[in-house]
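Reading the structure
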Amino acid sequence: MRLIVENRFALLGLVLIALTALFGVASATRTVGAAPGGAESPDTAPVQSSMRMCPPPQGDDRASQAAAFAVGPDGGSGGGELSAAENSADTPEVGEPAEAGQLWIADTGGSERHTVVSARGAAAAGLEVAQTTVGEDGAYATEVRCPRPGISTWFAAPGGTELEELRLLLANPDGDQATANVDVYIADGPVYSEETRGIAVDPHGGTEVELTDLVQGSRTAVVHVRTNSGRVAASLFADRGGTGQDWVPPTAEPAATHVIPAVPPGGGTKHLLVAAPGDSAVTAQVRLYTDEGRVEHKSLADLSVPPAAGAFLSLEGLLGDKAATAVVEADGPIVAGVATVRDDGDDTAYSAAAEPLQGPLDGRAVVPANPEGTSSRLVFTALEGPATAVVTPVAEDGSADGEAVRTEIGADRTATAELPAPDGAHAFTVRIQGDVPAYAGRVLTQESGGDTATSVQPLVPAPDEVALPAVEDSLTAIVE
């Protein structure tokens, strides 16, 4: 044996024999029917656990509620547990626990800390959680999708001298301290302050970061929250004073193409907000779609975005009173959103880029309950061919509450579905039929004394299963 080992050529031969045997075993034990590069269809695993964190309500003279609904595995009701508690060391409970298929609602009007909504088992499958706030005089309505704790969150936010306050709320659900940085990109480039660097968020604690002074003077601002340690749930609140206040929904991470659904109908000014967070300048092309098809205008071509900075494009006169979807394509990674301000400046709404609803895993979304006295409409867009959306109202006990609403979505067009308002608490499930991806958003409306308050949230997939990474016949896969 010593002679064999000392001979380097013999040693090389032993290594080759061992590798051949290893790959032979891998080939022999490969799943039947797998393609040479991996499995024909990836395996899936059920969603078994989920957490959301609803920020403390903002504004005066308000009534707030958090609402959650979990479809459950394969759409079946019952099982699992959904519960909520204040984000603190002693975790006082909020509301009553619920199961999959049951509507959960809790009064959060008096909350001064984040509300942690936790779901396990079947109650985590197809879960969505949102918090709505309505002024007691009906003067305004705001909605925030309660975010998951994470390590990176992007927002396309408004700026300008008319903005009275831009406030970032961070919460840490864990028992160890989290540390975060906040990057802000305005028209002149990146800006920061001592308050946006090394932000310590205590265990089961929260903090607020004022960004107003950093973004005033710029008509656009993109905000990136990233953690150095731990994880945080991030929510962004914009206040123009009076009733012109709303939450800014998180937008998709930097990419070359973004789709921004549910630019709300109605008058006022609508502005596209774009930033290029990288070190290179970017040129973007913008497409707008209404129920009549694509909107053509020379201003939508060749939008220049400086490196590590933002740009602003007015959509004035292009959409009229129509709901719309914006598509932004660039030659580099960008972040995008749309800000809407009504004619009198007393109502604002923010639309964000979102992923499509598509396929058996990601073709469904959930719309939690409307507050009493509000109404909802859904705005859909299909860009690769016609699609069909089926919206089903769900009663508090999980049973169907009325007939499903079918909406046909024409290719390269938007379609609007007015949601019925069943008696009592309710939620809606949204299912896209077929394989064509569709983009959607919910427009929440509160009317009082002739005034209309609007809030917008893109709809995101609410899967009950997630795809597992494919395993391939390669040395890398074997080592992993």
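All figures in this text were calculated on a predicted structure; none of them were measured in a lab.

What follows is about the sheet that holds strand β3 (residues 62–70). With antiparallel pairing, four strands are arranged side by side in an open sheet as β5-β3-β7-β8. Strands at the two margins of the open sheet, each flanked by one partner only, are β5 (104–107) and β8 (141–145). In this sheet, adjacent strand axes meet at a mean angle of 20° when their direction is disregarded.

Moving on to the state of the cysteines. Using the criterion set out here, one finds one disulfide in the structure. Here cysteine 54 engages in a disulfide with cysteine 146; their sulfurs sit 2.1 Å apart. Handedness of the cysteine 54-cysteine 146 disulfide follows from its S-S torsion of about 100°: it is right-handed. Of this pair, cysteine 54 sits in strand β2 (residues 49–54) while cysteine 146 is found in the loop between β8 and β9 (152–158), placing the two residues 92 residues apart along the sequence. Of the two residues examined, cysteine 54 and cysteine 146, each falls in the buried class.

Applying the stated criterion across every chain, the model contains two aromatic pairs. The interplanar angle of 15° and the centroid separation of 6.3 Å between the aromatic rings of tryptophan 154 and tyrosine 185 together place this pair among those described as stacked. In this pair, tryptophan 154 sits in strand β9 while tyrosine 185 sits in strand β11 (residues 178–186), placing the two residues 31 residues apart along the sequence. Given a relative accessible area of 11%, tyrosine 185 falls into the buried group. For the ring pair phenylalanine 237 and tryptophan 247, a centre distance of 5.0 Å and an interplane angle of 65° mean the geometry is edge-to-face. Of this pair, phenylalanine 237 sits in strand β16 (residues 233–239) while tryptophan 247 sits in strand β17 (residues 245–248), placing them ten residues apart in sequence.

Moving on, we come to the environment of aspartate 412. Along the polypeptide, aspartate 412 turns up in the loop between β29 (405–409) and β30 (413–418). Considered as a pair, aspartate 412 and alanine 382 are 30 residues apart in the sequence and their alpha carbons are 5.8 Å apart. When sequence neighbours within four positions are dropped, the list of residues in contact with aspartate 412 reads Tyr289, Thr290, Gly293, Arg294, Ala382 and Leu383.

Turning our attention to the environment of leucine 169. One can find leucine 169 in strand β10 (residues 165–171). You can call leucine 169 buried: its relative accessible area is 2%. Sequence-wise, leucine 169 and valine 232 are 63 residues apart; in three dimensions their C-alpha atoms are separated by 9.6 Å. If we skip the residues at most four places from it in the chain, leucine 169 touches Pro55, Pro56, Gln58, His114, Thr207, Glu208, Ala233, Ala234, Ser235, Phe237 and Trp247.

With antiparallel pairing, the three strands of this open sheet are ordered in space as β2-β6-β4. With one partner strand each, in any of the chains shown, β2 and β4 (81–86) form the two edges of the open sheet. Ignoring strand direction, the axes of neighbouring strands in this sheet form an average angle of 15°. Where β2 meets strand β6 (residues 115–120), six bridges bridge the pair, whose relative direction is antiparallel. Bridge assignment links methionine 53 to a residue of β6, and that residue is valine 116.

Looking at the chain as a whole, the pLDDT averages 87, with 87% of positions reaching at least 70. Considering only residues more than four positions removed or in separate chains, one finds that residues 19–39, a stretch of pLDDT under 50, has 13 contacts.

Let us now look at unusual backbone geometry. Even without glycine at this site, alanine 262 takes up a positive phi of about 60°. Mapped onto the secondary structure, alanine 262 falls in strand β18 (residues 255–263). Assessed through its relative accessible area of 0%, alanine 262 is described here as buried. Backbone geometry at alanine 308 places phi at a positive 50°, although glycine is not the residue there. Topologically, alanine 308 is positioned in the loop between β22 (303–305) and β23 (309–314).

Looking now at the pairing of β16. Burial analysis of β16 places seven of its seven residues in the buried class, the great majority of the element. Covered by surrounding structure in β16 are Ala233, Ser235, Phe237 and Asp239 together with Ala234, Leu236 and Ala238, the residues of both alternating faces. Bridging between β10 and β16 involves seven bridges; their strand directions are antiparallel. Bridge pairing links glutamate 165 to aspartate 239 in β16. Sheet topology note: the β16/β17 ladder contains four bridges and is antiparallel. Bridge pairing links phenylalanine 237 to tryptophan 247 in β17.

How each quantity is defined
Residues numbered from 1 in each chain as written. Predicted model: local features only at pLDDT ≥ 70, side-chain atom pairs only at ≥ 80, totals over all residues. Heavy atoms only, no water. Pairing = 2+ DSSP bridges. Helix = DSSP H or I, 4+ residues; strand = E, 2+ residues; numbered from the N terminus. Axes fitted to C-alpha atoms, helices over the stretch in contact; angles between N-to-C directions. Disulfide = S-S within 2.5 Å. Buried < 20%, exposed > 50% of the residue type's maximum accessible area, 1.4 Å probe, protein only. Phe/Tyr/Trp six-rings, centres within 6.5 Å; stacked < 30°, edge-to-face > 60°. Contact = heavy atoms within 4.5 Å. pLDDT = per-residue confidence, 0-100.

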